[in-house]
Protein chains: 2
Amino acid sequence: MSSIYDQDLPRNDANFAPLSPLGFIERAAQVYPNRLAVVHGRGEQALRRTWAQTYARCRQLASALRQAGIGKNDTVAVMLPNTPPMVEAHFGIPMAGAVLNALNTRLDAETIAFMLDHGEAKAVIVDPEFALVMQKALALRQSPQPLQLIEVEDDLYGPAPVRLGTLTYEDFLAGGDPDFAWEGPADEWDAIALNYTSGTTGNPKGVVYHHRGAAVNAISNVLEWDMPKHAVYLWTLPMFHCNGWCFPWTVAARAGVNVCLRRVDPEAIFGMMREHGVTHYCGAPIVHGLLVNAPAALKEGLPSGVKAMVAGAAPPASMIEGMEALGFDLTHVYGLTEVYGPATVCAKDEAWDALDIGERARLNARQGVRYHLQREVQVLNQDTMTPVPHDGETMGEIMFRGNIAMKGYLKNPQATAEAFAGGWFHSGDLAVQYPDGYIKIKDRSKDIIISGGENISSIEVEDVLYRHPDVLAAAVVAKPDARWGETPCAFVELKAGAQTTPEDIVAHCKKHLAGFKVPRAVVFGELPKTSTGKIQKFELRRQAGSATAINV
Amino acid sequence: MSSIYDQDLPRNDANFAPLSPLGFIERAAQVYPNRLAVVHGRGEQALRRTWAQTYARCRQLASALRQAGIGKNDTVAVMLPNTPPMVEAHFGIPMAGAVLNALNTRLDAETIAFMLDHGEAKAVIVDPEFALVMQKALALRQSPQPLQLIEVEDDLYGPAPVRLGTLTYEDFLAGGDPDFAWEGPADEWDAIALNYTSGTTGNPKGVVYHHRGAAVNAISNVLEWDMPKHAVYLWTLPMFHCNGWCFPWTVAARAGVNVCLRRVDPEAIFGMMREHGVTHYCGAPIVHGLLVNAPAALKEGLPSGVKAMVAGAAPPASMIEGMEALGFDLTHVYGLTEVYGPATVCAKDEAWDALDIGERARLNARQGVRYHLQREVQVLNQDTMTPVPHDGETMGEIMFRGNIAMKGYLKNPQATAEAFAGGWFHSGDLAVQYPDGYIKIKDRSKDIIISGGENISSIEVEDVLYRHPDVLAAAVVAKPDARWGETPCAFVELKAGAQTTPEDIVAHCKKHLAGFKVPRAVVFGELPKTSTGKIQKFELRRQAGSATAINV
């Protein structure tokens, strides 16, 4: 016999609704209709729209898409910088039942063409800045499926170098109903977004997000930052990157302000911060580094207590100190596209405040603990799928389970099955777990260097390189070696005016590393980075083969 | 053909976990093990436990319950004030898979016996303060099912007047495993709590909460209050009332502090606020009234900016002013047991700040808008189930839909079906909706007075009574009348030392009300209140029949 608690108590329309971030903007528009939602530009001529206006535009977008025959489970690709249409795309497209595919704006035409084909996009919204590359991508596209082209116009950019069609974004919206009666997803498992990973080999994989996960991670962002209502969020992080770590939905949940930003530039960023009273922003280390290293004159009169979130690499001590000098509060998070952006956080312990900067930086460099509403993160032995000892030494793979994980990879059941093998999402990152439960990445599985049978963590070597006062950025990869199999090869970007030699760098490493870990080659120059500021190690691996070895 | 977004992308253990508030305490204990979780009492001898300790005790409780044969879907009743075991019950009982039934400690033995029988409780945890009434309830109980009795001991109360059995709470816990490997619910729809409504007629109904709703409302509490991590929450609101509006789970989600409180008393409350640095508390209007009207000497040195939440009745202007004088920030929420406590909030608009106190009080007296993660609240015409015009005039019934609504009433499919008829939860409260979308209650369905064919809102008459300077509390009910069918009868509690006469009250009402709305009888005396501070109108209705009419 079933329990009394399972009898006659089913779900119904009154007591169950699919979780979705779409309700967030509806509530913001209802409760705070006249609050600022979006600001684009500076000064008198800046574009400002309230939540009521933004919501009406999102409904117009949804309505216009429906009229264009685009609805449930249709893909709508966008190639947009962090401008108002990009904010609107995060609501209007799923309000039509469609799936938002935000394309990385730094990609080449071939890759974009692949994504348009693979994702089966039925419409593309494109910014004038990317008209040329989109034109090329469209020519390379193989699908015979018609594609609705929608072209944004933006006074802050100027005219597009080429027109792709005849339909502007504003004209398209004008045909839509601002009172459109959109419906939320029928199932919270329905897709809301498609994000291609910038895979280092092979074709990009299409990570599918669902409404439930988007809502849960958007709220987790609030919880981590104690983010108050009406927070003012500056868009330094590209919204095409894991949907801006779900922050378009977070900002709506807080009826906050989206401060748009076309380009990451210290003068613009500091100017926006002062003018709009920015309270929060996110970015890769390179973004924070730009701010820390900006001329002092740019830093005057900044709002105090700005909260910053960093992911992509652990912030070095110098960055933490620089942020403190700015009066900013830096939070280190970690995640991947597959887990909606941040899925762990290095939650600070008040006891750390008393420690010196080196120790604080060491503790804060860890990837930390599970994000608030993520169910579990563990470092597991890849063979046994059991937790490694929490000794800060034993390596395993970071694995996640819970509501902050993708539906899977689009049209790729094999990759999906591999990613979720054993009921955990496999991050591919190798890490240790400390006695306090905090996780620290030691390396990507594929970034480990195996030299004479010994594993070398490229991150450990990089940490040492970053401690050299003349090093701005560093990356270490494996260099094929006839004798050792592989040896570490260091690529180093020096600070302006630095006079350091490769031999100096090696000498520095010898002081801090076991001999077999010391780079056998050191190459100076600008490092190749992805659109999100991550160093492209696959490119460096190509170069490493021809790098000149130093006699260590 | 199904969409590409529905192919090969199913839920699995890696990307789906049942929502539950139980993960909140696990995370608090992992990330903030040494942070204070519970404090009970004042000064040196106060009991203090960290999140690690509290979590270990909850696991012991769950483990001990399992050893006692209590598990999935078994009911565990508790008759506890706001003490540490009550906090632990909110986690330990559901960690065993069981369902927490927090009994209203102000109920009589007959009602408690009914609840123990109806809920099929397999165990009871009882505080010494309620040993006598529980002894009587056990004697009245009809079920032959064995009942595990667990008796709390508390130095702050002293010895129980009678021992009911032989097992103390601490002994019971001592038999449990502090590392017990509890499992979350298999389904987020599983029951977590059973709360009996204090029905005014008939037997109490058992409202069943599920894990998903408890988690969603607990997080909504954070969002409404912008509640930061490590908030210090004072337990003025009984945890037996809608599980303390879900705040035991909210406080865990914030790794905050539960400041326990056995009895609502201004000296104790202000003392706790000062000593423990309280930042947040909730209560019925009577609780806030007690604080506002406390002697000035008690109010010295209070923490500033304390956030207070009020529900159960709209806060009058005098209370809002009094709270402002204290430096407290008052938020008006509205809900019912069936919607986990608060499910709407009178979200303040910054434009209101410039208004005079009367206007602010009028705006703030509204029940407002849906709670953050509730999907919808509407005032619907009861016949057509369509929204009433947002004109502030047209009455309808407040109805909810979304994730903040009960599973239903235990073993009462008919009441459940009625409550959810038409796919909305029917609150039974009659209200209007304003052009800004805010809702204002005009009356309970059953509290409306029909006099000579005209509807009289008892709340409208009460609002006028409250404006009389000598009125401390007031309630208006229908008095049977041979000529008019019903007439309004006022019950008034005067402030100490007031010399007002019933005739003065009537004269005051005539100034502000249409003639047919003026009370035909005015009765002075203390008003009967429920355990949660609500005035018991059913009791007043009984008295109204014999109240002496005044010649109006």
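As annotated in an unreviewed UniProt entry, chain A carries the name Acyl-CoA synthetase and comes from Curvibacter microcysteis. Per UniProt, chain A has the following entry under Sequence similarities (unreviewed entry): "Belongs to the ATP-dependent AMP-binding enzyme family."

Residues and elements named next belong to chain B. For the pair helix 2 (residues 51-67) and helix 3 (residues 84-95), interaxial distance at closest approach is 7 Å and the crossing angle is 45°. Here helix 3 runs oblique to helix 2, going by the angle between their axes. Considering the relative orientation of helix 2 and helix 3, their crossing is right-handed. On helix 3, the residues touching Thr54, Tyr55, Arg57, Cys58, Arg59, Leu61, Ala62, Leu65 and Arg66 of helix 2 are Glu88, Ala89, Phe91, Gly92, Ile93 and Met95. In the contact of helix 2 with helix 3, the residues fall into nine nonpolar, two polar and four charged.

Moving on, we get to the nonpolar core. If you look at the biggest cluster of nonpolar residues, it comprises 208 residues, and the most contacted ones within it are Ile93 and Ile125 of chain A together with Ile93 and Ile125 of chain B. The residues contacting Ile125 of chain A, other than those within four sequence positions of it, are Leu61, Val76, Ala77, Val78, Met79, Leu80, Ile93, Ile150, Val152 and Tyr169 of chain A.

Before going further, it helps to spend a moment on the domain arrangement of chain A. Residue and element names in this part refer to chain A. Assigned domains of chain A: these are domain 1 (332-446) and domain 2 (448-544). Between domain 1 and domain 2, the C-alpha centre-to-centre distance is 24 Å. Counting residues at the interface gives nine residues for domain 1, matched by seven residues for domain 2. Contact with domain 2 buries surface across domain 1, with Lys442, Asp443 and Lys446 losing the most and accounting together for 62% of the total. For the pair domain 1 and domain 2, the number of links is zero salt bridges. Counting every contact that joins domain 1 to domain 2 gives zero residue pairs in polar contact (both at pLDDT 80 or more). Per-element tally for the side of domain 1 that touches domain 2: the top contributor is strand 20 (residues 439-444), with five residues. Residue classes in the side of domain 1 that touches domain 2 are distributed as three nonpolar, one polar and five charged.

To continue, consider the interface of chain B and chain A. Contacts between the two partners involve 78 residues from chain B and, on the opposite side, 78 residues from chain A. For the pair chain B and chain A, the summed buried area comes to about 6300 Å², and 51% of that belongs to carbon and sulfur atoms. Counting every contact that joins chain B to chain A gives 20 salt bridges. The partner of Asp226 of chain B in a salt bridge is Lys229 of chain A, and the shortest N-O contact between them spans 3.2 Å. For the side of chain B that touches chain A, the elements supplying multiple residues, two or more each, are helix 1 (22-31), strand 7 (191-196), strand 8 (206-210), helix 7 (211-225), strand 15 (369-370), strand 17 (396-401), strand 18 (408-409) and helix 14 (413-419) of chain B. Residue composition of the side of chain B that touches chain A, grouped by class: 39 nonpolar, 16 polar and 23 charged.

Right, let's talk about the packing of aromatic side chains for a bit. All names here are of chain A. Under the counting rule described, the total for this entry stands at 22 aromatic pairs over all chains. Centre to centre, the rings of Tyr281 and Phe328 are 6.1 Å apart; their planes meet at 70°, and the pair counts as edge-to-face. Here Tyr281 is found in strand 11 (residues 280-283), whereas its partner Phe328 is found in the loop between helix 12 (317-326) and strand 13 (329-336), with 47 residues between them in sequence. The exposure class of Phe328 is buried, given its relative accessible area of 5%. Above the ring of Trp424, the side-chain terminus of Arg401 is found at 4.4 Å from the ring centroid.

Residues and elements named next belong to chain A. Along the chain, Asn258 falls in strand 10 (residues 257-259). Its relative accessible area of 0% is what places Asn258 among the buried residues. Here Trp235 takes part through its side chain, which lies 2.8 Å from a polar atom of the side chain of Asn258. In this view, Asn258 contacts Ala37, Val38, Val39, Trp51, Val87, Tyr233, Trp235 and Val251; residues no more than four positions away in its chain are not counted.

Counting across every chain of the model gives 64 salt bridges over all chains. Two residues, Asp74 of chain B and Lys122 of chain B, come together in a salt bridge whose shortest N-O distance is 3.0 Å. Of this pair, Asp74 of chain B sits in the loop between helix 2 and strand 3 (75-79) while Lys122 of chain B sits in strand 5 (residues 121-126), and the two are 48 residues apart along the sequence. Assessed through its relative accessible area of 30%, Lys122 of chain B is described here as partly exposed. Where Asp436 of chain B meets Arg366 of chain B, a salt bridge forms, and the shortest distance between an N and an O atom there is 3.0 Å. Remark: Arg366 of chain B occurs in the loop between helix 13 (357-364) and strand 15 and Asp436 of chain B occurs in the loop between strand 19 (425-433) and strand 20 (439-444); sequence separation between them is 70 residues. Looking at Arg366 of chain B, the relative accessible area reads 3%, which means it is buried. Counted as one network, the salt bridges with shared partners bring together Asp127, Glu129, Asp154, Arg262 and Arg263 of chain A.

Looking now at the sheet that holds strand 11 of chain A. Residue and element names in this part refer to chain A. Reading across from one edge, 2-1-10-9-11-12-13-14-15 is the order of the nine strands in this open sheet, with mixed pairing throughout. Each edge of the open sheet carries a strand with a single partner, namely strand 2 (47-50) and strand 15 (369-370). By the bridge criterion, two bridges tie strand 1 (residues 36-40) to strand 10 in an arrangement that is parallel. Across the sheet, residue Val38 finds its bridge partner in strand 10, namely Asn258. Against the sheet, helix 2 (residues 51-67) touches strand 1, strand 2 and strand 10, its axis set at about 85° to strand 2. Contacts from helix 7 (residues 211-225) reach strand 9 (232-234), strand 11, strand 12 (307-310), strand 13 and strand 14 (341-345), with the element oriented near 125° to strand 12.

Let's shift gears to the sheet that holds strand 16 (residues 376-380) of chain B. Residue and element names in this part refer to chain B. Taking strand neighbours across the sheet as the criterion, the four strands line up as 16-17-19-20 in an open arrangement whose pairing is antiparallel. Both outer strands of the open sheet, strand 16 and strand 20, are each paired with one neighbouring strand and no more. Averaged over all pairs of adjacent strands, the angle between strand axes in this sheet comes to 45°, irrespective of strand direction. By the bridge criterion, five bridges tie strand 16 to strand 17 in an arrangement that is antiparallel. In the strand pairing of strand 17, Val377 is matched with Phe400.

What counts, and at which threshold
- Residues numbered from 1 in each chain as written.
- Chains lettered and ligands numbered in written order.
- Predicted model: local features only at pLDDT ≥ 70, side-chain atom pairs only at ≥ 80, totals over all residues.
- Heavy atoms only, no water.
- UniProt positions renumbered as here; feature names shortened; annotations may be inferred.
- Axes fitted to C-alpha atoms, helices over the stretch in contact; angles between N-to-C directions.
- Helix = DSSP H or I, 4+ residues; strand = E, 2+ residues; numbered from the N terminus.
- Parallel < 35°, antiparallel > 145°, perpendicular 65-115°, else oblique.
- Left-handed = near helix turned anticlockwise from the far one by under 90°.
- Contact = heavy atoms within 4.5 Å.
- Nonpolar A, V, L, I, M, F, W, Y, C, P; charged D, E, K, R; others polar.
- Core = buried A, V, L, I, M, F, W, Y, C linked by side-chain atoms within 4.5 Å.
- Buried < 20%, exposed > 50% of the residue type's maximum accessible area, 1.4 Å probe, protein only.
- Domains from an automatic or database assignment.
- Buried area = accessible area lost by both parts, 1.4 Å probe.
- Salt bridge = Lys/Arg side-chain N within 4 Å of Asp/Glu carboxyl O.
- Polar contact = N/O pair within 3.5 Å; in protein donor to acceptor, adjacent residues only side chain to side chain.
- Phe/Tyr/Trp six-rings, centres within 6.5 Å; stacked < 30°, edge-to-face > 60°.
- Lys NZ or Arg CZ within 6 Å of the ring centre and 35° of its normal.
- Pairing = 2+ DSSP bridges.

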